[in-house]
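# Overview (structure and organization)
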Amino acid sequence: MAHVSLRRVSKVYPGDVLAVKEAHLNVESREFLVIVGPSGCGKSTLLRMIAGLEEATSGELWINNKLVNHVPPKDRDIAMVFQNYALYPHMTVFDNMAFGLRLRNYSRREIDQRVRDAANILGIELLLQRKPKELSGGERQRVAVGRAIVRKPIVFLFDEPLSNLDAKMRVQMRTEIHKLHLRLQTTMIYVTHDQTEAMTMGDRIVVMNKAIIQQVADPLTIYEHPANRFVASFIGSPPMNFISGKIVRAGQALFFTEGTFRLRVVDEMAARLLTYENKPVLFGIRPEDLYDKLFITDAPSDCVVTSTVDLVEPLGAEVYLHLNVGHHAIIARVGPHDRPEVNQDIDLVFDMGKAHFFDTETEAAIV
């Protein structure tokens, strides 16, 4: 199995276009690492540098303690699955999967065994004599994955492999890729712009934005302890609510206020905010940490704010309430039986034990 290490790796394209800035990253052997971020953030460029399809402008790339900056892609012992499948249209599924092995002069018997073993793992044994045009999108993706499997590489790279599939097929395929990782126990690095894929598949997640790695952590840590405002806003659906205000003191307690209402800061969080007294901060809270007081009868009065319902979105198992709170538009995710009327005023409970605070200048989390 393989360990991958990036040490201050940067990529600058002609015209001083910065694609990746001083990326430092260690991928453990047998880990499933997901790189996630918006379009144009540099995640695919990072993956292509690991593959050798792009040359790093600076920094070092190591695979299994071997410096590979100038090692050709074919000699890095990696396999890559692309977004557009990259299948040869004139070849059968069998020949597409066998193509790389034939280039490496494997015996006919070895090729046949490897292709059939991979086809069995992916459930495409009956498709081996078909051509790509005769396959569905999901079947083509399985063939592309199978072509990578037959090589038995030490690292698998996936570049947004499910983006061309419909929603139902994406769910099925991400489950199959996750099971494949558990079965093969190989190092996998997976690029996506879909946060759901990142949260459900990755052992760890790398969040990127504007060429810079923002945070690297396991999914739960990324969600519950985002490093900055971007991570907090990018991970989570609906996204975290943000309100600008400041920290003020009343007696022995600290409060967050934006001018029209105030919320008491819980004691364990107050110590972090002592240096922000009378200073601006950005307050954040996730939609699931907001409740209708009608269902939380024992909520403290200093964490309740009257709000107006702008829109109700029933989604079956949950309901999204679009609310106006002190002239701020926020979203609450509540239970299926909580359906107030549009323009109705409700008392909204803020779970201040789940609140987040960010520095207004650096946008870093206050921890």
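Residues numbered from 1 in each chain as written. Predicted model: local features only at pLDDT ≥ 70, side-chain atom pairs only at ≥ 80, totals over all residues. Heavy atoms only, no water.

## Quick notes on helix α1 (residues 43-51)
Convention followed: The buried label applies to any residue whose accessible area, calculated with a 1.4 Å probe on protein chains only, is under 20% of its type's maximum; exposed applies above 50%, and partly exposed to all values in between. Working definition: helices are DSSP H or I runs of at least four residues, strands are E runs of at least two. Numbering for both runs from the N terminus.
Judged by how many residues are buried, α1 sits mostly within the fold: 7 of 9 residues are covered. Just past α1, the residue G52 takes up positive phi, approximately 95°.

## Thoughts on the sheet that holds strand β15 (residues 290-292)
Spelled out, the test is: At least two bridges found by DSSP between two strands is the condition for calling them paired. Helix axes are fitted only over the stretch in contact, all axes being lines through C-alpha atoms; the angle between N-to-C directions runs from 0 to 180 degrees.
Read across the sheet, 5 strands follow the order β15-β19-β16-β17-β18 without closing on themselves; strand pairing throughout is antiparallel. The sheet terminates laterally at β15 and β18 (328-334), the two strands that pair on one side only. Looking at each pair of strands side by side, their axes are set apart by 45° on average, direction ignored. In the sheet, β15 pairs with strand β19 (residues 345-350) via 3 bridges, with the strands oriented antiparallel. Bridging from a neighbouring strand, D292 pairs with L348 of β19.

## What about the pairing of strand β8 (residues 187-192)?
Judged by how many residues are buried, β8 sits mostly within the fold: 6 of 6 residues are covered. Of the two faces of β8, the one holding T187, I189 and V191 and the one holding M188, Y190 and T192 are both buried throughout. The pairing of strand β3 (residues 32-36) with β8 spans 5 bridges and is classified as parallel. Counted as the bridge partner of V34 is Y190 from β8. By the bridge criterion, 5 bridges tie strand β7 (residues 155-159) to β8 in an arrangement that is parallel. Across the sheet, the residue bridging to V155 is T187, located in β8.

## Side note on the sheet that holds strand β13 (residues 262-264)
Read across the open sheet, the 5 strands follow the order β13-β12-β11-β14-β20; overall the sheet is antiparallel. What marks the edges here is a single partner per strand, and that holds for β13 and β20 (356-359). The mean inter-strand angle of the sheet, taken between neighbouring strand axes irrespective of direction, is 40°. As defined by bridge partners, strand β12 (residues 253-257) adjoins β13 across 3 bridges and the pair is classed as antiparallel. Each residue of the ladder has a partner; that of T257, found in β13, is R262.

## Here we look at helix α2 (residues 93-103)
Definition in use: The criterion used for residue contact is that any of the two residues' heavy atoms lie within 4.5 Å.
Buried within α2 we find V93, F94, N96, M97, A98, G100 and L101. If you follow the buried residues of α2, they end up packed against α3 (108-122) and α4 (137-149). Positive phi appears at N105, one or two residues downstream of α2, with a value of about 65°.

## With respect to the pattern of salt bridges
Oppositely charged side chains may form a pair once their charged atoms are brought near each other. Threshold: Salt bridge, as used here: a side-chain nitrogen of Lys or Arg that lies within 4 Å of a carboxyl oxygen of Asp or Glu.
The full count for this structure, using the stated rule, is 17 salt bridges. We note a salt bridge from E176 to R142, for which the minimum N-O separation is 2.8 Å. Here R142 lies in helix α4 and E176 lies in helix α5 (residues 167-184), a separation of 34 residues in the sequence. For E176, a relative accessible area of 24% translates into the label partly exposed. According to the relative accessible area criterion, R142 is buried, its value standing at 10%. A salt bridge links E318 to R333, with the nearest nitrogen and oxygen atoms 3.8 Å apart.

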